[in-house]
Amino acid sequence: MRERTLERVRKLLAKAERTDNEHERATFLAAASALMAKYGIDTLPPPGTRQTPGDRIVTLPAPWAREKARLVSLVAQAVRCRPLLIGRGDGGQRVHVFGFAADLERADVLATSLLLQMASGLARVRPPGELAAARAYRRSWLLGFTDEVYRLLREAESRAATEAEAAGAGTALVLADRRAEVDMAVAARYPRIRMSVPTTSGTGYRAGVLAGRHADLGRTGMPTATARELPR
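In this report, the structure presented in the accompanying data block is examined.

Thresholds applied
Within each chain, residues carry numbers counting from 1 in the order of the written sequence. In view of the model being predicted, local features appear only for residues whose pLDDT reaches at least 70, and side-chain atom pairs are presented and counted only at 80 or more, with totals across whole chains, interfaces and linings using the full set of residues. Calculated side-chain values reflect all of the structure's heavy atoms, with hydrogen atoms and water omitted. Secondary structure elements are defined from DSSP: runs of H or I of at least 4 residues count as helices, runs of E of at least 2 residues count as strands, and each element is numbered from the N terminus. Exposed residues in this analysis have more than 50% of their type's maximum accessible area, buried residues have under 20%, and partly exposed residues fall in between, with area computed by a 1.4 Å probe over protein chains only. Contacts are assigned to residue pairs with any non-hydrogen atoms lying within 4.5 Å of each other. One less than the residue count of a helix, multiplied by 1.5 Å, gives the span that helix is expected to have. The reported arc concerns the directions from the helix axis to the C-beta atoms and nothing else. Should DSSP find at least two bridges between two strands, the strands are regarded as paired. To define axes, lines are fitted to C-alpha atoms, for helices over the stretch in contact only, and angles between the resulting N-to-C directions are given on a 0 to 180 degree scale. Note on terminology: a nonpolar core comprises buried Ala, Val, Leu, Ile, Met, Phe, Trp, Tyr and Cys residues joined through side-chain atoms within 4.5 Å. Handedness of each helix crossing follows the sense of rotation of the near helix against the far helix: counterclockwise by less than a right angle gives left-handed, clockwise gives right-handed. Ten residue types, Ala, Val, Leu, Ile, Met, Phe, Trp, Tyr, Cys and Pro, are classed as nonpolar, four, Asp, Glu, Lys and Arg, as charged, and the remainder, Gly among them, as polar.

Here we take up the overall build of the chain. From N to C terminus, the chain includes 7 helices and 3 strands. Beginning at the N terminus, the succession of helices and strands in the chain can be written as α-α-β-α-β-β-α-α-α-α. Taking all 232 residues of the chain together, the buried fraction comes to 45%.

This is how it looks when you write it as structure tokens:
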């Protein structure tokens, strides 16, 4: 059943990529993101089953390394992982992501695809004004794109969990237990965590939101080596 769900996701995304009709594309992508969320629910173990969270460190290179790291972090958070921005290292910004295996896999698939889409979308942006204003516009576009993708993923995840709970699957209890397990794993590694919120002075935020609204939320099989760099 899990492989059948993923195959349906791939077919929906293929249709979304082929159409030039924005309404059709949005419909296909909404269905694909819903199925990806359902896949996340289907991989949950029965209540009472004990699993151990894992973790991985993702390094995002310049340019726009911090904005890329924010996208990776919010995508991971949307699919029930716990990300922490741990700063510069290995040639870029690093994000340490904690979560269970299936959710780490979903976060990886989604983030890899969305980083490519974000780069492609930003390459088409034509910001107004001088160089400083253009950079601020691009940064605000990136933040808008990321926030909208996060919102769409969270909505899909919430619907899938609500539907499973209504069917009597005990999903809420399982998810609560898994959140606690992940939080304990994070606390054991990072006992002191500082929160930060990004700010923006550019005017491209709304355009980024609109681009994120039509993002492909589940393309698979994109190797990191083929990722395009974001324009400076």
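Turning our attention to the environment of V58. Note that V58 resides in strand β1 (residues 54-61). Along the sequence, V58 and Q93 sit 35 residues apart, while their C-alpha atoms lie 8.3 Å from each other. Filtering out sequence-adjacent residues up to four positions away, V58 remains in contact with Q93, R94 and V95.

Turning our eyes to something else, we now look at helix α6 (residues 171-189). The first and last C-alpha atoms of α6 sit 27 Å apart over 19 residues, in line with the 27 Å expected at 1.5 Å per residue. Turning to α6, its buried residues are T171, V174, L175, R178, E181, V182 and V186. Within α6, the buried residues cover an arc of 135° as seen down the axis, which keeps them to one side. Turned more than 90 degrees from where α6 packs its buried face, L173 and A188 sit exposed.

For the rest of this paragraph, the subject is the sheet that holds strand β2 (residues 82-89). Sheet architecture is open: 3 strands sit in the order β1-β3-β2, paired in antiparallel fashion. The sheet is open, and its two edges are formed by β1 and β2, each paired on a single side. Along the sheet, successive strands turn relative to each other by an average axial angle of 25°, direction set aside. Along the sheet, helix α3 (residues 65-78) contacts β1, β2 and β3 (92-99); its crossing angle with β3, the most-contacted strand, is approximately 5°.

This brings us to the nonpolar core. V75, C81, L110, L114, M118 and W141 are the most contacted members of the largest nonpolar core, which totals 30 residues. Taken together, the elements giving at least two residues each to this core come down to α3, β3, α4 (101-123) and α5 (131-166). With 8 residues, α4 is the single largest residue contributor to this core. If sequence neighbours within four positions are ignored, V75 has contacts with A107, L110, A111, L114, V149 and L153. Judged by nonpolar contacts, the second largest core, of 9 residues, contains I41, L44, A160 and A164.

With that settled, consider the environment of E157. Residue position: E157 is located in helix α5. You can call E157 buried: its relative accessible area is 8%. Considered as a pair, E157 and L35 are 122 residues apart in the sequence and their alpha carbons are 9.6 Å apart. Beyond its immediate stretch of four places on either side in the chain, E157 contacts A37, A78, V79, R80 and R106.

Below, the discussion takes up the packing of α3 against α4. The N-to-C vectors of α3 and α4 enclose an angle of 145°; their axes lie 9 Å apart at closest approach. Considering how the two elements wind past one another, α3 and α4 form a crossing that is right-handed. Every residue of α4 that contacts α3 at E67, K68, L71, V72, V75 and A76 is listed here: A107, L110, A111, L114, L115 and M118. Residue classes in the contact of α3 with α4 are distributed as 10 nonpolar, no polar and 2 charged.

Read these as geometric descriptors, not functional statements.
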